[in-house]
Amino acid sequence: MTALLALLAPAAAAAPAPSSVGATALADMGHLAPMMIVAVWSLLLLAADAFAGGGMRQFQRRVALSGLALAGAAALMQFGTVEYDAGVPVFSGMLAVDHFSVLLDLGVIAVMAGVLAFAGDYARSHRFEYGEQESLVLIAGFGMMILNHSTDLVAVFLGIETMSIAIYVLVGARWNARASAEAAFKYFIMGAFSSGLLLMGIALVYGATGTTHLDQIAGQVAQVFTQWGASQPYVDLALHPEGAPAEAVRHAIDKSVMGMAPAALFIPGLLLLLTGLLFKVSAVPFHMWTPDAYDGAPTPTTAFMAAGVKIGGFAALLKVFVGSFATQRLATAPYGWTSVVAVLALATMTIGNLAAVQQSNVKRLLAYSSIAHVGYILVGVVAAANFYGHAFSIGTMRAADQIEWSRETGDFSVAAVLFYVLTYAIATLGAFACVSWYGANKTEGTTAHEWSGLAQRHPGMALGLTICLLSLMGMPPTVGFFGKLAIFRAALENDNPMMRVLVVSALLNSVVGAYYYLRLVVSMYFRPPSTTEVPTLPGRGARVVVGLCAAAALLTGILGDTAFRRAELAAAGFPYAAGTERRAAWVDKLRTRWEDEALADEAAAEADAKAPANGKADAKAPAEGKADAKAPGEGKADAKAPGDAKAPGEAKADAKAPGDAKAPGGDAKAPKGDGKAEDVKRAP
């Protein structure tokens, strides 16, 4: 018995205490407070619906919105705090909480709140009201938030399935319309197929690398291709065994299989992962479900799919491919996955815009428009992966400042993608809210001619929709213009000729997009109203959402630099693992640069404030000159005085003083040197 206790003692000592495990779980849930609030609120609403009557639907909506307000407040308290600069791994590293995930959580929460504000009115007016609506929206949003926080392929799969299953139900929830059931069936069949491809890709990547954790996969990629390269001599011997001993040939075959097997599993797995994720964001050629699903689904669900699903889908795409598969061998042209995605981006924006031009149905027009916007966003994804591929390349001798520039520009590209996705979600939500509002009692104004003269009947809603459409078009001063500008700037910084082709194509496609957006605006403002008036949705929810989205599109565009800095903070140190000193140092470097820029701006403002005082003092000089002109003797003496004659030269010397004139520029360049010093000090 003593010997048995002695054997069990080390194991008991190694096992963590139940209290410590429970405390760790509670701390992890505290870090994930916004996501946990959404999950708990969805379950409470689902349970409450079992006991609530038909007259409690409005109350359920208010309860759901109050829960989202609480989750949004928790996310706002987290975003921007120093505690999350490096990121905090939670639940054994399956998830992570950082500025990237919290910013996208805020976007998802805003989309959920906007959809719930008018989804109940829409369902009630079109006579398919059901009590599970709020709960399903929150469950789908919970899946999107899992994607925002995921650092493991298993978490990515769970997030996608949680999101997708709830949306399948939301699409087919309009039981009194056959198109809704048809759209849900098509979406379910295609979604199940893409989920199978995604899961097969995860299995192959796990077989090649031995892990599903994204940070560990990034470290194993180099080993996979090192083994593949080391096996090439054995492959040559196995293919050309002439004159070699039989034992050596058998040994070469074994070594060839062992060396090439990881790469043979990894490359198909990567392509299957890419296929599954591109399906979720509706990229060509995986987009065919989108128009039918968007058209047949209830319009609030369409708004949720167009805005919310894009946030979750691109969060997963950035984390998996830009965060883990952005090594030089995998990412950069001509053999990297970015070459494939670049071609798909070109096809997506072109096919989406050309198909939208031919649409007379507003919902299908906006569906194809969303496909085109996916093409623009993919340009930023390709740019970010190319920059990181150059920055984290192995075996190349390049200057340290060039590597640092590649990393900084890669972070800027990720920030541009985040900024574009969130601003696109704002404008799309406002546009679909207006489409939801324009129809009631099983009647919807979905054809373009039915929108004729809307500005005469409902000028406020027409103005709100116009602002949202102009933002989608990319017209200044709306935020959509600055989103496209950031994406195009990131792409043009890249030396890959394909990126320049993509930017030119995107500009031409933007012109095509402007045609069908302005066609709807012209119909609202410059065409006479139709003889048949379309009823509008009762309630204020849709009106409030359209007004808020239009105001956000304008104000965020006017305050574009301030808004983009939030995206920069979320993207700082993106490829580094959460919780590492490298990531903390990278974010600290960004904060230092902002502080130096603020000091430079203050110095410039003080210099501008002093300038008028100097101007008034100089304005008095002519009066003194007149007084001197009256004294001829003194004037001649002054004219001959060599010291006075050189006074203007002294004034010029003062004007060229580097301390005053070049202070802003010097301060702006200061962070570069400081940043390098910090990197040296904080090198792990």
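So, a few notes on the structure that sits alongside this text. All chains use their own residue numbering, which begins from 1 and follows the written sequence. The predicted origin of the model limits local features to residues at a pLDDT of at least 70 and limits the giving and counting of side-chain atom pairs to 80 or more, whereas totals for whole chains, interfaces and linings rest on all residues. No hydrogens and no water enter the side-chain calculation; it runs on all heavy atoms of the structure.

**Considerations on the pattern of salt bridges**
Then step 1. The term salt bridge refers to a side-chain nitrogen of Lys or Arg lying within 4 Å of a carboxyl oxygen of Asp or Glu. Under the definition given, this model contains 17 salt bridges.
Then step 2. As a salt-bridge pair, Glu129 and Arg124 come within 3.4 Å of each other at their nearest N and O atoms.
Then step 3. Burial here depends on accessible area, computed with a 1.4 Å probe over protein chains only, as a share of the maximum for the residue type. Under 20% is buried, over 50% is exposed, and the range in between is partly exposed. The exposure class assigned to Arg124 is partly exposed, which follows from its relative accessible area of 32%.
Then step 4. For Arg565, the salt bridge goes to Glu597, with nearest N and O atoms at 2.7 Å. Here the residue Arg565 occupies a position in helix 23 (residues 560–571), and Glu597 occupies one in helix 24 (residues 581–619), the gap between them amounting to 32 residues.
Then step 5. Through salt bridges that share partners, Glu182, Lys186, Asp292, Asp295 and Arg364 make up one connected network. Numbering of helices and strands runs from the N terminus; a helix is a DSSP stretch of H or I covering at least four residues, while a strand is a stretch of E covering at least two.

**A few points about a nonpolar patch on the surface**
Then step 1. For patch building, the residue pool is restricted to those with more than 30% relative accessible area and no salt bridge; the joining distance is 9 Å between like charges and 5 Å between nonpolar side chains (Val, Leu, Ile, Met, Phe, Trp, Tyr). Surface accessibility in these figures is a Shrake-Rupley result with a 1.4 Å probe; residues are shielded only by whichever protein chains are displayed. A grouping of Leu463, Val522, Tyr525 and Phe526 is seen on the molecular surface, where their side chains present a nonpolar patch of about 400 Å² in accessible area.
Then step 2. Mapped onto the elements of the fold, Phe526 is located in helix 21 (residues 497–526).
Then step 3. Assessed through its relative accessible area of 66%, Phe526 is described here as exposed.

**Some thoughts on the packing of aromatic side chains**
Then step 1. Pairing of aromatic rings covers Phe, Tyr and Trp, the last counted by its six-membered ring, and requires centre-to-centre distances within 6.5 Å; plane angles under 30 degrees mean stacked, over 60 mean edge-to-face, and any other angle means tilted. All chains considered together, the criterion is met by 20 aromatic pairs.
Then step 2. Plain terms: the ring middles of Tyr122 and Phe128 are 6.0 Å apart, the flat faces sit at 75° to each other, and that makes the pair edge-to-face. There is no split in this pair, since Tyr122 and Phe128 are both buried.
Then step 3. Measuring from centroid to centroid gives 5.4 Å for Tyr168 and Phe188, while their planes differ by 90°, and the two rings are edge-to-face. Taken together, the residues span a long stretch of sequence, with Tyr168 in helix 7 (residues 153–171) and Phe188 in helix 8 (residues 178–209) at a distance of 20 residues.
Then step 4. Every member of this aromatic cluster is reached through a ring pair, and the members are Tyr168, Tyr187, Phe188, Phe279, Trp289 and Tyr294.
Then step 5. When the NZ atom of lysine or the CZ atom of arginine is within 6 Å of a ring's centre and also within 35 degrees of its normal, the charge is said to sit over that ring. Here Arg489 stacks its cationic end above the ring of Phe412, 4.6 Å away from the centre of that ring.
Then step 6. Sitting over the ring of Trp586, Lys589 keeps its end group 4.8 Å from the ring centre.

**Overview of the packing of helix 8 against helix 11 (residues 246–280)**
Helix packing geometry: the angle between the two helix axes and the distance between the axes.
Then step 1. Only the stretch in contact is used when a helix axis is fitted, and all axes are lines through C-alpha atoms; the angle between N-to-C directions ranges over 0 to 180 degrees. Two elements in contact, helix 8 and helix 11, have axes whose closest approach is 7 Å; the angle formed by their N-to-C orientations is 150°. Taken together, the axis directions place helix 8 and helix 11 in an arrangement best described as roughly antiparallel. Crossing of helix 8 over helix 11 shows left-handed handedness. Should an angle lie under 35 degrees it is considered roughly parallel, over 145 roughly antiparallel, and from 65 to 115 roughly perpendicular; all remaining angles are considered oblique. By definition, any crossing whose near helix is turned counterclockwise from its far helix by less than a right angle is left-handed, and any crossing with a clockwise turn is right-handed.

By themselves, these observations are geometric and do not establish any function.
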